[in-house]
Amino acid sequence: EPTRVWNLSAADYGTGQELLLLDRVGPGLAPDTVVLAVYPHNDLINNFEGLAFRTEVSPGDYLRPYVAPQGDRLDVHFLHPARAWLRAHSRLFAVLERRVIDFAGRHKLAWLLPFERPTPPRERIAQGRAPHEDQEIYRTHPPDTEWELAWQRTTSLLLAFRDRCRTLHARLVVVVIPDLHQVRRIAEDVELDLRVRQLQHATLDRYLDWNLPERRLARFFHDNAIESVL
């Protein structure tokens, strides 16, 4: 029997944006199966506004809608609501805004940029943090800290995805995609390993728990009857 596949992937979408897309097109497509790709390394950052502008792996933070499930309803908000409204209603504003940000980035005009320059890895390691902010996903954090809140937001979005698929009578399969640094060692990792050995007297593989996101997601999927491929 012929199979029809719709590829609805988009660069830098978080789980919340993917959920909005499913709500928009799902009823019309009436899929038998929904395959949701989860890339924890930046999806947690994409999903939670508390981590906005703090990494280089989530470039759309300035523009993206942030989605917070509230029961059956989705609370959708932007970091700069007035600018988001202008961007949606004025092509001129959108073009000028993009050009100003591009100009500021090329000329290193920090006061015009909507984000701060990241702290250098050496300084972060000396402070006992992950070498890069996005690598905090490979460390455990106390409750109510921003990374834990990002995990809570992400799992609530995944539950909303499950419930939406049940409403559509569609099978949900979540595919978890690893980060490059989890599956192969590159030159940057060797350099970071040397930094960690110098400043924290540990290896990078002991300093960061590379399999932590997958273990955490595996427990969540098992506990909430969500089919997954890790």
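Report follows, based on the coordinates. Along each chain, the written sequence defines residue order, and numbers are assigned to residues from 1. Local features in this predicted model are restricted to residues whose pLDDT is 70 or higher, and side-chain atom pairs enter the listing and the counts only when it is 80 or higher, whereas totals over whole chains, interfaces and linings include all residues. Each side-chain value is worked out from all heavy atoms of the structure, with water and hydrogens disregarded.

## Notes on the packing of aromatic side chains
In this description, a pair of aromatic rings is defined by centroid distance and the angle of the planes. Note the cut-off: The criterion for an aromatic pair is that two Phe, Tyr or Trp rings (for Trp, the six-membered ring) have centres within 6.5 Å, with stacked assigned to planes under 30 degrees apart, edge-to-face to planes over 60 apart and tilted to the rest. Secondary structure elements follow DSSP: runs of H or I no shorter than four residues count as helices, runs of E no shorter than two count as strands, and numbering proceeds from the N terminus. Summary of the burial criterion: residues with accessible area below 20% of their type's maximum are buried, those above 50% are exposed, and those between are partly exposed, where the area comes from a 1.4 Å probe applied to protein chains only. Counted as over-ring charges are cases with an Arg CZ or a Lys NZ within 6 Å of the ring centre that also lie within 35 degrees of the ring normal.
Scanning the model with the defined rule gives two aromatic pairs in all. When the ring of tyrosine 138 is compared with that of tryptophan 210, the centres are 5.0 Å apart and the planes differ by 55°; the resulting orientation is tilted. With tyrosine 138 in the loop between α5 (121–126) and α6 (146–167) and tryptophan 210 in the loop between α9 (204–207) and α10 (212–223), the pair connects residues that are 72 residues apart, well separated along the chain. One exposure class covers both tyrosine 138 and tryptophan 210, and it is buried. The ring of tyrosine 207 is capped by arginine 139, whose NZ or CZ atom sits 4.7 Å from the centre of that ring.

## Some details on the packing of helix α2 (residues 40–47) against α6
To keep it simple, the criterion reads: Axis geometry follows a simple rule: fit a line to the C-alpha atoms, using only the stretch in contact for helices, then measure angles between N-to-C directions, giving values from 0 to 180 degrees. Put simply, angles under 35 degrees are roughly parallel, angles over 145 are roughly antiparallel, angles from 65 to 115 are roughly perpendicular, and the rest are oblique. Contacts: residue pairs with any heavy atoms within 4.5 Å of one another. Think of it as three bins: nonpolar holds Ala, Val, Leu, Ile, Met, Phe, Trp, Tyr, Cys and Pro, charged holds Asp, Glu, Lys and Arg, and polar takes everything else, Gly as well.
The N-to-C vectors of α2 and α6 enclose an angle of 90°; their axes lie 8 Å apart at closest approach. When the interaxial angle is binned, α2 and α6 end up roughly perpendicular. Across from Asp43, Leu44, Ile45 and Asn47 in α2, the residues of α6 making contact are Trp147, Ala150, Trp151, Arg153, Thr154 and Leu157. Residues belonging to the contact of α2 with α6 are distributed by class as follows: six nonpolar, two polar and two charged.

## Regarding the side chain of threonine 55
Quick note on the threshold: Any N or O atom pair separated by 3.5 Å or less is treated as a polar contact, with the protein-specific requirement of one donor-capable and one acceptor-capable atom, and with residues adjacent in sequence counted only for side-chain atom pairs.
Secondary-structure assignment places threonine 55 in the loop between α2 and β2 (66–70). A polar side-chain atom of threonine 55 sits 3.3 Å from the main-chain amide nitrogen of valine 57. When neighbours within four sequence positions are excluded, threonine 55 is seen to be in contact with Ile45, Glu133 and Asp134.

## A short note on unusual backbone geometry
A positive phi angle is found at histidine 169, which is not glycine, with a value near 60°. Relative to the helices and strands, histidine 169 is located in the loop between α6 and β4 (171–176). Note on histidine 169: relative accessible area 71%, which makes it exposed. Positive phi, close to 55°, is recorded for alanine 225, a residue that is not glycine.

## A look at the pairing of strand β3 (residues 73–77)
Regular strands place their side chains on alternate faces of the sheet. Note the threshold: Here, any two strands with at least 2 DSSP bridges between them count as paired.
Where β2 lies against β3, five bridges are found, and the strand directions are antiparallel. Among the inter-strand pairings, valine 67 is bridged to a residue of β3, identified as valine 76. With antiparallel pairing between neighbouring strands as the criterion, β2 and β3 make up a hairpin whose turn holds two residues, including glycine 71 at a positive phi of roughly 65°.

## Side note on the sheet that holds β4
Backbone hydrogen bonds are what pair the strands of a sheet, in a parallel or an antiparallel way. The strand order across the open sheet formed by three strands is β1-β4-β5, and the pairing between neighbours is parallel. Where the open sheet ends on each side, the last strands, each with one partner, are β1 (33–38) and β5 (227–229). The average angle at which neighbouring strand axes cross in this sheet is 25°, direction not considered. Here three bridges tie β4 to β5, and the two strands are oriented parallel to one another. When the sheet's bridge partners are listed, valine 173 is paired in β5 with glutamate 227.

## Observations concerning the nonpolar core
The test is simple: Take the buried residues of types Ala, Val, Leu, Ile, Met, Phe, Trp, Tyr and Cys, join any two whose side-chain atoms come within 4.5 Å, and each joined set is a nonpolar core.
If you look at the biggest cluster of nonpolar residues, it comprises 38 residues, and the most contacted ones within it are Phe161, Leu172, Val174 and Phe221. For this core, the element with the highest residue contribution is α6, accounting for eight residues. Residues contacting phenylalanine 161, with those up to four places away along its chain left out, are Thr15, Glu18, Leu19, Leu22, Val34, Leu36 and Leu172.

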